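Coordinates in review
Take a look at the letters that make up each chain.
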Amino acid sequence: MPVRQLPETVVNRIAAGEVVERPASVVKELVENAIDAGATRIDVFTDGGGRRRIGVTDDGAGMAKGDLALAVDRHATSKLDDEDLLGIRTLGFRGEALPSIGAVARLCITTRDAREPHAWSLTVEGGRKSAIVPAALTQGTRVEVGDLFYATPARLKFLKTDRAEAEAIREVVRRLAMARPDIGFTLAGEGRAPVTWTSALPGAAGRLTRLGDILGGDFRAAAIPVCAERERVTVDGFAAAPSLTRANALGQYLFVNGRPVRDKLILGAVRAAYSDYLPRDRHPVAALFVTTDPQEVDANVHPAKTEVRFRNAGLVRALIVHALKEGLAREGRRTAANSDGAVLTAFRPATSPRPAGWDWRQSPAAPADARPWAGGLPATAFAETGQTTLDVGAPSADVRFDAGPTLDLVDRPLGAARTQIHETYIVSQTRDGLIVVDQHAAHERIVYERLKASLARDGVQRQILLIPDIVELDESTVEKLIDRARELEKFGLAIESFGPGAVAVRETPSLLGKINAAALLRDLAEHMAEWDETLPLERRLMHVAATMACHGSVRAGRILKPEEMNALLREMEATPNSGQCNHGRPTYVELKLDDIEKLFGRR
């Protein structure tokens, strides 16, 4: 078959396959054009998931008659002053969107330039342009797209349901609305009530308002401002506290010079910054905005412009990690239970109507005669004779210390320890409420931060075992551990092979004290199985530190003395990121006195 030049209509349809992937792609291109035109208000309407109709109306600078005729020709654009593709300051620049849409759908553009006496309208159907005719429009541009892919019916088979396509359109508009809080957006159609995001004030406050409107009040309540700048690269935005997480990475919104992108480099940086705070199966929520000189970033690496390439990718990644870690450390004590009202909700009793003839004297919770505990202490609560099967026994810790804690301890952020319950939780009193601390989770974070500090300073101090601890494991597990022996040695855990199926532990980190070496090695082997060689050494070492911290911390079920409980609280106050353990669980919950009074109807 001889080589031949393809007709213009066929060329346009082939190019449309790259630009117009689905209805959401059309909405993205049209809204980006409206933003580039300087619009302050953009209205989007769709029907049938965008297949039947898409309408985008803006109040930006319209086009003159001559510009309208050129706008639907391939590679015709007003956004490049010269041929420099590395100085792009607009969202669009290729001049492919409108001709690509017109090649596969029925496209109608109505626009009015402020210098024109009236608006002009142009129609393109399957790549064929109509004559330009006068039209009525007060300002800006209105673009209508109907019967998407009617000229290429085979593409329709690859679209999803109307609901799925409409949701994809919604996500595109949400991302663009996050990027430009100074522009008002309205999304209507699909049988739903219109959604309007009014334009917000400039600055961080306006940006947080727009993010809260889109991501919800829970994000606004948990948002931590982040900001960092280095070598003409700025990273700012908001990241949610570790208390707010998602099951996937779809809650991470990333923008480069105002352009929404999905960049693996930035996603990896976000994950690395949260690695000390979240479990492996949870993902953070964040909206980060990277601003840099257009010469330092290449936006022309993807047909849909959803990916970018940085000239100095290492700098951008380091800056994102630094900004996030600094913000998270600043809000280190914010936990899930203390930031979203979860404690108050959990304590609030479920109300149900009382049966007729109810007598409080017959209630299982009716007070009985006060009687002393077995230890000779006076009773401090009502006995519940009807709940003997739930009896928790005598107090698990010695509560016979000063009933009134010293004023300086009560005024401390985590208060003064009052008692320990169930050999697991420490109850402390603050000036304006009470705090319940999970002793294991709290001490786990403390040990973890100590290990990191020791490693960064002069290495982890180790203790030599008088008699090596021999741990029997299966051969594959032994091989995994021996292969990582040098990395483990950095944390003071010295191991060596002791024949097939056994490992000799000769040194352990002194911070951990006496540990169960077998359990620790099994956990380390399980975590190592999930690593790959591309995982940075620093991340692998932090995984080891987290596992060691879990095994070297105070266990649930250990009875603590009053001075030990207070010492733990003071260490938490001095430890960064003490609001969560290194698995992402909260270390304490706080209940304010006002909330307690609400529970009992005093407020």
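Notes on the structure follow. Residue positions are counted from 1 within each chain, in the order its sequence is given. Residue-level local features of this predicted model are given only where pLDDT is at least 70; pairs of side-chain atoms are given and counted only at 80 or more, and the full residue set underlies all totals for whole chains, interfaces and linings. Side-chain measures were taken over the full set of non-hydrogen atoms in the model, leaving aside hydrogen atoms and water.

**Remarks on the nonpolar core**
Considering soluble globular proteins, one finds that nonpolar side chains tend to be buried as a cluster. Our working definition: To define a nonpolar core, start from buried Ala, Val, Leu, Ile, Met, Phe, Trp, Tyr and Cys residues and group those joined through side-chain atoms within 4.5 Å. Between buried and exposed lies partly exposed: a residue is buried under 20% and exposed over 50% of the maximum accessible area for its type, with that area taken using a 1.4 Å probe on protein chains only.
By size, the foremost hydrophobic cluster in this structure holds 94 residues, and its most contacted members are Ile42, Val145 and Ile320. Counting 17 residues, the second largest nonpolar core, distinct from the first, contains Val503, Leu520, Leu521 and Leu524.

**Observations concerning the pattern of salt bridges**
Note the threshold: By definition, a salt bridge exists where a carboxyl oxygen of Asp or Glu is found within 4 Å of a side-chain nitrogen of Lys or Arg. Elements are defined by DSSP. Helices are runs of H or I of four residues or more, strands are runs of E of two residues or more, and each kind is numbered from the N terminus.
Applying the stated criterion across every chain yields a total of 27 salt bridges. Put simply, Arg52 and Asp47 hold a salt bridge, and the shortest N to O gap is 3.1 Å. Judged by its relative accessible area of 29%, Asp47 is partly exposed. As a salt-bridge pair, Arg207 and Asp236 come within 3.3 Å of each other at their nearest N and O atoms. Residue Arg207 is found in helix α6 (residues 204–215), and its partner Asp236 is found in strand β11 (residues 233–240); the two are separated by 29 residues along the sequence. When salt bridges with common partners are traced through the structure, they connect Arg106, Glu125 and Asp147 into a single cluster.

**Some words on the environment of Gly258**
Position of Gly258 among the secondary structure elements: in the loop between β13 (252–256) and β14 (259–261). Take Gly258: its relative accessible area is 29%, and that puts it in the partly exposed class. Taking the C-alpha atoms as reference, Gly258 lies 7.3 Å from Phe289; in sequence the two are 31 residues apart.

**What about unusual backbone geometry?**
Even without being glycine, Glu231 reaches a positive phi, approximately 50 degrees. Along the chain, Glu231 turns up in the loop between β10 (223–230) and β11. With a relative accessible area of 59%, Glu231 lands in the exposed category. Unlike most non-glycine residues, His422 shows phi in positive territory, near 55 degrees. Its place among the elements puts His422 in the loop between β19 (416–421) and β20 (425–430).

**Observations concerning the side chain of Asn566**
The following threshold applies: Polar contacts here mean pairs of N or O atoms no more than 3.5 Å apart (in protein, one a potential hydrogen donor and the other a potential acceptor; neighbouring residues in sequence count only if both atoms are side-chain atoms). By definition in these notes, contact holds between two residues if any of their heavy atoms fall within 4.5 Å.
Along the polypeptide, Asn566 turns up in helix α18 (residues 562–574). Engagement of the side chain of Asn566 in a polar contact is seen with the backbone nitrogen of Ala417, the distance being 2.9 Å. Dropping the residues within four chain positions of it, Asn566 is found in contact with Leu409, Gly415, Ala416 and Ala417.

**Concerning α6**
Quick reminder of the rule: Multiplying 1.5 Å by the helix residue count minus one yields the expected span of that helix.
With 12 residues, α6 should cover 16 Å at 1.5 Å per step; its first-to-last C-alpha distance of 16 Å lies within 8% of that length. What α6 keeps buried is the set Gly206, Arg207, Arg210, Leu211, Gly212, Ile214 and Leu215. In the segment just after α6, Gly216 is the residue with positive phi, at about 105 degrees.

**Describing the pairing of strand β4 (residues 119–125)**
Along a regular strand, successive side chains alternate from one face of the sheet to the other. Our working rule: Pairing between two strands requires that DSSP report at least two bridges joining them.
Of all 7 residues in β4, 5 are buried; the element is thus mostly enclosed. Note that strand β3 (residues 106–112) and β4 share 6 bridges and pair antiparallel. When the bridges of β4 are listed, Leu107 appears paired with Val124. Between β3 and β4, which pair antiparallel in sequence order, lie 6 residues. Relative to strand β6 (residues 133–135), β4 runs antiparallel, the two being bridged by 3 bridges. Its bridge partner lying in β6, Ser121 is registered against Val133. Both β4 and strand β5 (residues 128–129) contribute to a ladder of 2 bridges, which runs antiparallel. For Glu125, the partnering residue across the bridge sits in β5 and is Arg128. Hairpin geometry of β4 and β5 is characterised by an intervening segment of 2 residues between the two adjacent antiparallel strands and by a positive phi of about 60 degrees at Gly126.

As far as function goes, none of this settles anything; it's purely spatial.
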